[in-house]
Amino acid sequence: MTIPSTPWPPDRAAHAIARICKVNHAGEYGAIRIYGAQIFVSRLLWPRLTTELGELRAHEIQHCRIFKEAMPSRGARPCRIMPLWSVGGWVLGFVTALLGPRAIWACTEAVEATVHRHLNDQIAFLANRDERLRQEILAIRDEEEGHLTLARERMGARDWLARRLYPIIEISVDGVIWLSTWGESAKMVRDLDDTERQA
Ligand SMILES: [Fe+2]
Ligand SMILES: [Fe+2]
């Protein structure tokens, strides 16, 4: 009898789930830092943006707390490159805020779209593996989708600055996620077949 091979035996799947918690916690912390820096600059330069940015940051704080609470029972430890998420997030928020409101919304759109893609991959992976975490990520994804929609509304048509910022930010966020999971985020995507994605 041939036993079908699976790229994710239970112990490896558990390890991947721990990494999902870890990278999501780190990513939400990075988002807090981005919005924190943007709020800091906006108080001085673009005060009309601070209320909406503050609301987005409040959501990220909540998301960060949810993933932090999900970590211990899954054997996840804080990401070793938290300082990179912290400093990188703050610098990204600070620079885009200095560039103006359109850069702020372009940053939000690029970050949230990248996050949204990763959350969708995780939701597919977690089906039949960790239903509780899957439900939590589903709820968070809905809020992230709200962030993305808001950014797109505020952004309108992408100008030259947004068109240049977008791929740089997207590649940077993907890169830090890859580093945080040692490439497991990419392997997860490769291994998900169409059936799992539709789950
Ligand atoms: Fe979030
Ligand atoms: Fe968000």
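What you see is a predicted model; the values in this text were computed from it and never measured.

Thresholds, definitions, all that
Residues numbered from 1 in each chain as written. Chains lettered and ligands numbered in written order. Predicted model: local features only at pLDDT ≥ 70, side-chain atom pairs only at ≥ 80, totals over all residues. Heavy atoms only, no water. Helix = DSSP H or I, 4+ residues; strand = E, 2+ residues; numbered from the N terminus. Rg over C-alpha atoms; globule rule 2.2 N^0.38 Å. Buried < 20%, exposed > 50% of the residue type's maximum accessible area, 1.4 Å probe, protein only. Lys, Arg positive; Asp, Glu negative; His and termini not counted. Charge placed at Lys NZ, Arg CZ, Asp CG, Glu CD. Donors = N, O, S within 2.8 Å, 3.2 Å for Na, K, Ca; no water. pLDDT = per-residue confidence, 0-100. Phe/Tyr/Trp six-rings, centres within 6.5 Å; stacked < 30°, edge-to-face > 60°. Lys NZ or Arg CZ within 6 Å of the ring centre and 35° of its normal. Axes fitted to C-alpha atoms, helices over the stretch in contact; angles between N-to-C directions. Parallel < 35°, antiparallel > 145°, perpendicular 65-115°, else oblique. Contact = heavy atoms within 4.5 Å. Nonpolar A, V, L, I, M, F, W, Y, C, P; charged D, E, K, R; others polar. Polar contact = N/O pair within 3.5 Å; in protein donor to acceptor, adjacent residues only side chain to side chain. Disulfide = S-S within 2.5 Å.

## A closer look at the overall build of the chain
Part 1: Assigned secondary structure in the chain consists of eight helices and zero strands.
Part 2: Counting from the amino terminus, the chain carries its helices and strands in the arrangement α-α-α-α-α-α-α-α.
Part 3: Taken over the C-alpha trace, the chain has a radius of gyration of 17 Å; the compact-globule value for 199 residues is 16 Å, and the two agree within 12%.
Part 4: Taking the principal axes of its C-alpha atoms as reference, the chain extends roughly 70 × 30 × 25 Å.
Part 5: Residues counted as buried form 49% of the 199 residues belonging to the chain.
Part 6: The chain carries 26 positive and 25 negative side-chain charges, and their two centres are separated by 6 Å.

## Considering the coordination of the iron ion (ligand 1)
Part 1: Within the protein, the iron ion (ligand 1) binds to Glu28 (OE), Glu28 (OE), Glu60 (OE), His63 (ND1) and Glu144 (OE); these donor distances fall in the range 1.9 to 2.8 Å.
Part 2: Sequence positions of the donors to the iron ion (ligand 1) reduce to the motif E-x31-E-x2-H-x80-E.
Part 3: Separating the iron ion (ligand 1) from the iron ion (ligand 2) is a distance of 3.8 Å, and Glu60 supplies a donor atom to each of them. Placement of His63 in helix H2 (residues 50-70) and of Glu144 in helix H5 (residues 131-155) is noted, with a sequence separation of 81 residues between them. The residues His63 and Glu144 share a single accessibility class, namely buried.

## A word on the confidence of the model for the chain
Part 1: Confidence along the chain averages 89 in pLDDT terms, with 92% of residues attaining 70 or more.
Part 2: Here helix H8 (residues 194-198) is the element of the chain with the lowest mean pLDDT, 52, and H2 is the one with the highest, 98.

## Details of the coordination of the iron ion (ligand 2)
Part 1: The coordination sphere of the iron ion (ligand 2), as far as protein atoms go, consists of Glu60 (OE), Glu112 (OE), Glu112 (OE), Glu144 (OE) and His147 (ND1), spread over 2.0 to 2.6 Å.
Part 2: Counting residues between consecutive donors of the iron ion (ligand 2) along the chain gives the motif E-x51-E-x31-E-x2-H.
Part 3: By relative accessible area, which is 2% here, Glu112 ends up buried.

## A short note on the packing of aromatic side chains
Part 1: Enumeration according to the criterion identifies two aromatic pairs in this entry.
Part 2: Here the aromatic cluster, defined as three or more aromatic residues joined through ring pairs, consists of Phe40, Trp90 and Phe94.
Part 3: Across from the ring centre of Phe125, 4.2 Å away, lies the NZ or CZ of Arg129, which sits over that ring.
Part 4: Residue placement shows Arg158 over the ring face of Tyr166; its charged tip is 4.0 Å from the ring centre.

## A word on the packing of helix H3 (residues 82-99) against helix H6 (residues 160-181)
Part 1: Running from N to C, H3 and H6 cross one another at 175°; their axes reach a closest spacing of 12 Å. Viewed along their axes, H3 and H6 adopt a mutual orientation that is roughly antiparallel. Here Leu84, Trp85, Leu92, Thr96 and Leu99 of H3 come into contact with H6, specifically with Leu161, Leu165, Ile169, Val176, Ile177, Leu179 and Ser180.
Part 2: For the contact of H3 with H6, the per-class residue count stands at ten nonpolar, two polar and no charged.

## Looking at the side chain of Gln38
Part 1: You can see Gln38 is positioned in helix H1 (residues 10-45).
Part 2: In this structure the side chain of Gln38 is engaged in a polar contact, spanning 3.0 Å, whose partner is the side chain of Thr96.

## Regarding the state of the cysteines
Part 1: Tallied over the full model, the rule gives zero disulfides.
Part 2: No disulfide involves Cys64; its sulfur sits 12 Å from the nearest other cysteine sulfur, which is in Cys79.
Part 3: What makes Cys64 buried here is its relative accessible area of 10%.
Part 4: What makes Cys79 buried here is its relative accessible area of 4%.

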